[in-house]
Amino acid sequence: MAILAYFNYWVFAVLLVIGLYAVIAKTNLVKQLIGLSIFQGAVFLLYISMNKVEGGTAPIFLNGNTERIFSNPLPQVLILTAIVVGIATTALGLAVVVRIREEYGSVEEDDIKAQDVGS
Amino acid sequence: MSIEDHLPALQIVVPLLLAPVVTLLRVRSLPWAASTATSALTFVLAIALAGQVATDGALSYAVGGWQPPYGIELAIDQFSVLLLLIISGASTVALVFGKASLDREIGEERAPLFFAAWLLVLAALCGMVTTGDAFNLFVFLEISSLASYVLIAAGPDRRALMATHRYIILGTLGATFYLIGVGLIYMMTGTLNLADMALRIGEVSELRPVLVAAGFITMGLALKAAMFPVHAWMPNAYAFAPHAVSVFLAACATKAALYVLIRFDFVVFLPHLAEHAAQVSAFFIPLAVVAFLVGSTVAVFERNLKRMLGYSSVAQIGYILLGVALLTPLALTGAIVHLFNHALIKGALFMAVVCIAHRTGSVQLPAIAGCARAMPLTMAAFVVAGLSMIGVPLTVGFVSKWYLIQACLEFGVPGYFLAAALLLSSLLAVVYVWKVVEAAYFKPRPEEAPELCEAPPMILASLWLVTLANLWFGIDSSLPLGLARAASMTLLGEAP
């Protein structure tokens, strides 16, 4: 089955679009950030999927055994960094939303725009 | 190894290590002084590096002694040196210039953290333009973005927060697109080193993932570079950021993203993807033309001066992209030299507006009515920088427009239309610069308005330093032009 063979990549694409949709369509700032997290999560999945080698195991050398097939460890290391970046982005984004709520008393984009037109 | 061999790494390490130190300095203007000193040191390192590249040619530095392509490589050529000079120079000038306005906007309590974020932006931008590793580039891209969100959110107006939120959303989308692209290329080539990637893409048999990656990377970086039509985050972010931050980011933040875009497209994709040249031209030329026509038109109708300059930046980025998309050595030289020149022009214009805002307390057009009589030096600098943006001879703006228009004319009839559009956009620039000049010189000062006087000497001195640089490099443009010419030759793969 050609479609099922790329199952991980299908999930990646679907999650990516769900996240992007939330970012674009939602007017609630927190929901936008949730969408952003889903969007980033999809990319983590892409990286994790690509490191899989058929029949491969965790890339740990044990007792000098070099005969086994290992999965590629590099994408995992890369995506660990990207996950850290993602956490930092979400944390910073939420902190800004908290400040926005302190200033405007709302996290709805329409409310906030309406208030700024007045001032 | 002597210290000179480590210059490429010091460029990044010095500001990166001093950023946490600055958070500990909690005495009055000490954080400002420490960051200014660090930034100046980075500038000196950039000059030293420029000297090394001028004598020895392009440098390669293996971080931690791990040889490329396995380790992270810092690759420094004339193009990166030009960008390093812009970034560290802009940061230093903006810090010296911005002392008074930052004291007012940031306050003593938040200053240590604010300046730490500033140094992180500086370190990450330097990293972006020196690294030769695609994933390392993503990390630097995100460090610079995260830290600049902090800088923008520090703006005194509450609208700065919404501008930051928007920038976070769009900036993260852009960086994640870039990450997807890098992942796809890694999947096909098994390498992250840019030079190595360029070699191996030629061996890839199934090209579709690479094409998709080219699309993702171009789009992601275009978002970061505020290319039309994905520029929506930029005018508000610049308008509501603290004044000194506007000067710094307007001069170099989008430039670094453009640098990466140019580097990726020319080094990795262009020589190895058959259709890429036609695709780049077909994609960028229409967008660039619309960018400078729409950007300039919106700027004409804008009444907030900082937003006006932001929209004018959208137009200027359009010029740079046009030069990139024409793909000839002349056009690419024009585009790269405009990266440098636009930093000088927009830096000076923002600084002049900030001087006015410092005294009048407002950046709205009506508030500056008649201020030229009280602030003749500031307004004179604005006029010189404005002429430079329009592209009057003897200013830097003329040099880059001359190159771009010449490059357009090489293409025959379609090129005439491009040149005409470019000139039309310059005429629109005359209109919006004139609006400010008219208000400042020819409108009477309202009766009830407070008395004005010239900005403090340190601010004025740094404003005029940049303004004179506009004239200096307009008359003797050999330094930026030489670097730009060498850079475009390397990028197009021709012997200099």
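From a predicted model like this one, the values you see are computed outputs, not experimental measurements.

Q: Quick question: what am I supposed to make of the overall build of chain A here?
A: Of the regular secondary structure elements, chain A holds five helices and zero strands. Based on the C-alpha atoms only, the size of chain A along its principal axes is roughly 70 × 35 × 15 Å. Among the 119 residues that make up chain A, the fraction classed as buried is 34%. Pairs at least 24 residues apart make up 52% of the contacts formed inside chain A by residues separated by at least 6 positions. As displayed, chain A offers around 7,100 Å² of accessible surface, 67% of which is attributable to carbon and sulfur atoms. Here chain A contributes 7 positive and 9 negative side-chain charges, whose respective centroids are spaced 6 Å apart.

Q: Before we go on, may I ask you to explain the UniProt feature "transmembrane region" (unreviewed entry) in chain A in this structure?
A: All names here are of chain A. UniProt feature "transmembrane region" (unreviewed entry): in the numbering of this structure it lies at residues 6–24, 33–50 and 77–98. Structurally, residues 6–24 is divided into 95% helix and 0% strand, and its ends, taken at the C-alpha atoms, are 27 Å apart. Overall, residues 33–50 shows 100% helix and 0% strand. The separation of its end C-alpha atoms is 26 Å.

Q: Just to check I follow, could you spell out the pattern of salt bridges for this structure?
A: Where charged atoms from two side chains of opposite charge come close, those side chains can pair. All names here are of chain A. Scanning the entire structure with this criterion turns up nine salt bridges over all chains. Note that glutamate 103 and arginine 99 form a salt bridge whose closest N and O atoms lie 3.5 Å from each other. Of this pair, glutamate 103 and arginine 99 both sit in helix α4 (residues 74–104), separated by four residues, roughly a single helical turn. The exposure class of arginine 99 is partly exposed, given its relative accessible area of 35%. The partner of lysine 113 in a salt bridge is glutamate 109, with the nearest N and O atoms 3.7 Å apart. Placement of the pair is lysine 113 and glutamate 109 together in helix α5 (residues 109–118), with a separation of four residues, close to one helical turn. Judged by its relative accessible area of 16%, glutamate 109 is buried.

Q: Would you mind going over the packing of helix α12 (residues 329–360) of chain B against helix α16 (residues 457–475) of chain B with me for this structure?
A: Each pair of packed helices gets described by two things: the angle between the helix axes and the distance between those axes. Residues and elements named next belong to chain B. Relative orientation of the contacting elements α12 and α16 amounts to 150°, with a least axis distance of 9 Å. In terms of orientation, α12 lies roughly antiparallel with respect to α16. Seen along the crossing, α12 lies across α16 with a hand that is left-handed. Contact with α12, carried on its side by Phe340, Leu344, Ile345, Ala348, Met351, Ala352, Cys355 and His358, involves Ile459, Ser462, Leu463, Val466, Thr467, Ala469, Asn470 and Phe473 of α16 and no other residues of that element. Considering only residue class, the contact of α12 with α16 consists of twelve nonpolar, four polar and no charged.

Q: Teacher, can you tell me more about the side chain of threonine 360 of chain B here?
A: All names here are of chain B. Relative to the helices and strands, threonine 360 resides in helix α12. Polar contacts involving the side chain of threonine 360 include one to the main-chain carbonyl oxygen of serine 362, which spans 3.2 Å. Excluding residues that lie within four positions of it along the chain, threonine 360 makes contacts with Ala367, Arg445 and Leu452.

Q: Please explain the environment of isoleucine 180 of chain B as it appears in this structure.
A: Its location among the elements puts isoleucine 180 of chain B in helix α5 (residues 159–189). Spatially, the C-alpha atoms of isoleucine 180 of chain B and valine 212 of chain B are 9.4 Å apart, while their sequence positions differ by 32 residues.

Q: Would you take a moment to explain helix α1 (residues 7–24) of chain B for this structure?
A: At 3.6 residues per turn, the α-helix brings residues three or four places apart onto the same side. Residues and elements named next belong to chain B. In this model α1 runs 26 Å from its N-terminal to its C-terminal C-alpha over 18 residues, within 8% of the 26 Å that 1.5 Å per residue would give. Within α1, the axis deviates most sharply at valine 13, by approximately 30°, and proline proline 15 lies no more than four positions further along. Packing partners of the buried residues in α1 comprise α2 (30–56), β1 (59–62), β2 (73–76), α3 (78–130) and α4 (134–153).

Q: Sorry if this is basic, but what is going on with the state of the cysteines here?
A: Cysteine pairs can be covalently joined through their sulfur atoms, and such a bond is termed a disulfide. Residues and elements named next belong to chain B. The tally for this structure, following the rule as stated, stands at zero disulfides over all chains. Just so you know, cysteine 371 is unpaired, no disulfide at all, and the nearest cysteine sulfur is the one on cysteine 355, 11 Å from it. For cysteine 371, a relative accessible area of 0% gives the class buried.

Q: Just checking my understanding: could you explain the nonpolar core for this structure?
A: Here is a general trend for soluble globular proteins: nonpolar side chains tend to be buried in one another's company. Residues and elements named next belong to chain B. One finds Phe264 and Phe269 to be the most contacted residues of the largest nonpolar core, which totals 225 residues. A total of 27 residues in this core trace back to one element, the largest contributor, which is α3. Leave out the neighbours within four places in its chain, and phenylalanine 264 touches Ala134, Tyr178, Ile185, Leu194, Met197, Ile217 and Phe269.

Q: Mind showing me how you'd approach the packing of aromatic side chains here?
A: Here the distance between the centres and the angle between the planes together describe a pair of aromatic rings. With the rule as written, the count across this model stands at 19 aromatic pairs over all chains. Ring geometry for tyrosine 441 of chain B versus phenylalanine 442 of chain B: centroids 6.5 Å apart, planes at 50°, classification tilted. Ring pairs connect the aromatic residues Phe114, Phe115, Trp118 and Phe248 of chain B, which therefore count as one cluster. Over the ring of tryptophan 32 of chain B we find lysine 99 of chain B; its NZ or CZ atom is 5.3 Å from the centre of that ring. Positioned over the ring face of tyrosine 104 of chain A is arginine 158 of chain B, at 4.2 Å from the centre of the ring.

Q: Can you walk me through the confidence of the model for chain B in this structure?
A: In regions of low pLDDT, the predicted coordinates are not meant to be interpreted in detail. Residues and elements named next belong to chain B. For chain B, per-residue confidence averages 89 on the pLDDT scale, and 99% of positions sit at 70 or higher. Per-element confidence in chain B ranges from a low mean pLDDT of 86 for helix α6 (residues 194–201) to a high of 94 for α4. In the predicted assembly, ipTM is 0.93 and pTM is 0.93.

Q: Teacher, can you tell me more about the interface of chain B and chain A here?
A: Accessible area lost during the coming together of the parts is what is often quoted as the interface size. Contacts between chain B and chain A engage 26 residues on the former and 36 residues on the latter. Where chain B abuts chain A, roughly 2,900 Å² becomes buried across the two surfaces, and 81% of that area is made up of carbon and sulfur atoms. Taken as a group, Arg158, Leu161 and Met162 of chain B account for 22% of the area that chain B buries against chain A, more than any other trio of residues on that side. Counting every contact that joins chain B to chain A gives one salt bridge. Counting across the chain B and chain A interface gives five residue pairs in polar contact (both at pLDDT 80 or more). It is α5 of chain B that provides the largest number of residues to the side of chain B that touches chain A, a total of 17 residues. Of the residues that constitute the side of chain B that touches chain A, the class distribution is 18 nonpolar, five polar and three charged.

Q: Which parts of the structure should I look at to understand the side chain of serine 425 of chain B?
A: All names here are of chain B. Locating serine 425 in the fold gives a position in helix α15 (residues 413–442). One polar contact links serine 425 to tyrosine 319, side chain to side chain, over a distance of 2.6 Å. Serine 425 has contacts with Phe292, Leu293, Ser296 and Tyr319, leaving out every residue within four places of it along the chain.

Q: Where do I start with the environment of glycine 370 of chain B in this structure?
A: Residues and elements named next belong to chain B. Note on placement: glycine 370 falls in the loop between α12 and α13 (376–390). For glycine 370, a relative accessible area of 12% puts it in the buried group. Setting aside residues no more than four positions away along its own chain, glycine 370 makes contact with Ala439, Ala440, Lys443, Pro444 and Arg445.

Reading the values: the criteria
- Residues numbered from 1 in each chain as written.
- Chains lettered and ligands numbered in written order.
- Predicted model: local features only at pLDDT ≥ 70, side-chain atom pairs only at ≥ 80, totals over all residues.
- Heavy atoms only, no water.
- Helix = DSSP H or I, 4+ residues; strand = E, 2+ residues; numbered from the N terminus.
- Buried < 20%, exposed > 50% of the residue type's maximum accessible area, 1.4 Å probe, protein only.
- Contact = heavy atoms within 4.5 Å.
- Areas by Shrake-Rupley, 256 points an atom, 1.4 Å probe, with all protein chains shown as cover.
- Lys, Arg positive; Asp, Glu negative; His and termini not counted.
- Charge placed at Lys NZ, Arg CZ, Asp CG, Glu CD.
- UniProt positions renumbered as here; feature names shortened; annotations may be inferred.
- Salt bridge = Lys/Arg side-chain N within 4 Å of Asp/Glu carboxyl O.
- Axes fitted to C-alpha atoms, helices over the stretch in contact; angles between N-to-C directions.
- Parallel < 35°, antiparallel > 145°, perpendicular 65-115°, else oblique.
- Left-handed = near helix turned anticlockwise from the far one by under 90°.
- Nonpolar A, V, L, I, M, F, W, Y, C, P; charged D, E, K, R; others polar.
- Polar contact = N/O pair within 3.5 Å; in protein donor to acceptor, adjacent residues only side chain to side chain.
- Expected span 1.5 Å × (residues − 1).
- Bend = angle between axes of the 7 residues up to and from the residue.
- Disulfide = S-S within 2.5 Å.
- Core = buried A, V, L, I, M, F, W, Y, C linked by side-chain atoms within 4.5 Å.
- Phe/Tyr/Trp six-rings, centres within 6.5 Å; stacked < 30°, edge-to-face > 60°.
- Lys NZ or Arg CZ within 6 Å of the ring centre and 35° of its normal.
- pLDDT = per-residue confidence, 0-100.
- Buried area = accessible area lost by both parts, 1.4 Å probe.

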